[in-house]
Amino acid sequence: GACDIGEDYPVAAARELYEEAGIRTPLRELAEYRWDGDGSREVGRLYETVSDGPFVHPPDEVATSRFVAIEDLDAFLAEHELLEAAKAMVLPYVR
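Below: a short report on this structure. Since the model is a prediction, treat every value here as computed from it, not as a measurement.

About the cut-offs
Residues numbered from 1 in each chain as written. Predicted model: local features only at pLDDT ≥ 70, side-chain atom pairs only at ≥ 80, totals over all residues. Heavy atoms only, no water. Helix = DSSP H or I, 4+ residues; strand = E, 2+ residues; numbered from the N terminus. Buried < 20%, exposed > 50% of the residue type's maximum accessible area, 1.4 Å probe, protein only. Expected span 1.5 Å × (residues − 1). Arc of directions from axis to C-beta. Contact = heavy atoms within 4.5 Å. Pairing = 2+ DSSP bridges.

1. Observations concerning unusual backbone geometry
In this chain, G53 is followed by P54 through a cis amide linkage whose omega measures 5 degrees. With respect to the helices and strands, P54 occurs in the loop between β2 (40-48) and α2 (73-79).

This is the structure:
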């Protein structure tokens with residue numbers, strides 16, 4: 001997601017999490033990042049949270065969602081496309 005005009009990163013992250021997953025949980029900031037890649041430029045912050053749900057993924061916000069166990073992540077990545085920014089910015093924190 002993205003920050004609205006004048007919106008702080010933590011507020012935007014909490015709002016986006018609720019809009020896209022239907023949960024309100026405490027967030028912990030992991031990192032600030034900058035990505036300059038082919039067709040994509042981003043400046044942002046990466047957060048983590050823990051929740052047992054229930055999760056709600058509105059179709060106008062989320063096209064597809066699924067949970068992948070850490071031990072199945074490499075096989076999942078071999079079979080599915082992932083944005084280059086996500087590979088570079090998120091995967092190091094997941095593994």
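2. Quick look at the environment of I23
Within the secondary structure layout, I23 lies in the loop between α1 (9-21) and β1 (28-37). For I23, a relative accessible area of 6% corresponds to the buried category.

3. Comments concerning α1
Look at α1: 17 Å from first C-alpha to last across 13 residues, which is about the 18 Å you get at 1.5 Å a residue. Listed in full, the buried residues belonging to α1 are A12, A13, E16 and A21. For α1, the angular spread of the buried residues around the axis is 125 degrees, confining them to a single face. Where α1 is buried, its residues meet β2.

4. Considering the pairing of β1
Here β1 pairs with β2 via nine bridges, running antiparallel. When the bridges of β2 are listed, E32 appears paired with R45. With antiparallel pairing between neighbouring strands as the criterion, β1 and β2 make up a hairpin whose turn holds two residues, including G39 at a positive phi of roughly 75 degrees.

The values reported here are purely geometric and, on their own, carry no functional implication.
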